[in-house]
Amino acid sequence: MRHSRHTSRKTLLAAAVGLGVATVLGGVVPTAGAATVPAAGSAQSYAAYERSQENQDANRAFFEAVQRSVAEQRAANPGIQVVTVTYNTRNAPSFRTQIARSTQIWNSSVTNVKLQEVSSGGSFSYREGNDPRGSYASTDGHGRGYIFLDYQQNQQYNSTRVTAHETGHVLGLPDHYSGPCSELMSGGGPGTSCTNAYPNSTERARVNQLWANGLVASGLGTKS
């Protein structure tokens, strides 16, 4: 059956709208039975991306990038016991206070790895801006890791918790959104009222295990 040019245009428009929705949700498109499409920058859109395979893959690629950077440090210092993971905040000036607080929290919580700011370069970097997916850890396509901090999400959720959660990926922890507020890697799962920015005892032990004796285990490990 032949379709009119007008019908074809409507079909193309619908396809374009569908692609737009996929972009907003980080590639997660609702099924035909879905009642509502989450608005960009909403808790639902953040959750859609956070729970996506794309985010899981990005977290893994990010940690692997940090591992490669740290491997160079280990090669230069074979007997090293405590690894220092360096970062820069040049592209995230608005979040320097939260990043410094996150670093302080993690450095006081674990013993086998330390975070340290440098003026440029480093094992990874922080960036800031607007992204409907929210904040996340990823790579730049050239083997370097970065943490992206989204403006709107950091206004809706406790910003230090968001930063400390994303920094947890630096240290090898996976997301676990079904966990309670007391679990840092539960992220946005407990809702906007959760302000805890500290890893719990299980998360601290897991990081120390991953980085024991200056070594880092492969992969992201298991959910706590």
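This is a predicted model, so every value here is computed, not measured.

Conventions and cut-offs
Residues numbered from 1 in each chain as written. Predicted model: local features only at pLDDT ≥ 70, side-chain atom pairs only at ≥ 80, totals over all residues. Heavy atoms only, no water. Helix = DSSP H or I, 4+ residues; strand = E, 2+ residues; numbered from the N terminus. Expected span 1.5 Å × (residues − 1). Buried < 20%, exposed > 50% of the residue type's maximum accessible area, 1.4 Å probe, protein only. Polar contact = N/O pair within 3.5 Å; in protein donor to acceptor, adjacent residues only side chain to side chain. pLDDT = per-residue confidence, 0-100. Contact = heavy atoms within 4.5 Å.

Our next topic: helix α6 (residues 159–170). The end-to-end C-alpha separation of α6 is 17 Å, in line with the 16 Å expected for 12 residues at 1.5 Å each. Judged by how many residues are buried, α6 sits mostly within the fold: 12 of 12 residues are covered. Taken together, the buried positions of α6 are Ser159, Thr160, Arg161, Val162, Thr163, Ala164, His165, Glu166, Thr167, Gly168, His169 and Val170. One side-chain oxygen at the N-terminal end of α6 lies 3.3 Å from the backbone nitrogen of Thr160; it belongs to Asn158. Phi for Gly172, located one or two positions after α6, is positive at around 105°.

Time to look at the confidence of the model for the protein. Here the protein averages 77 in pLDDT, while 71% of its residues score no lower than 70. Within the protein, helix α4 (residues 96–109) carries the highest mean pLDDT (98), whereas helix α1 (residues 5–24) carries the lowest (35). Of the regions scoring below 50 in pLDDT, residues 1–38 engages in 22 contacts with residues more than four places distant in sequence or in other chains. Predicted confidence for residues 218–224 stays below pLDDT 50, and this span has 19 contacts to residues more than four positions away or in other chains.

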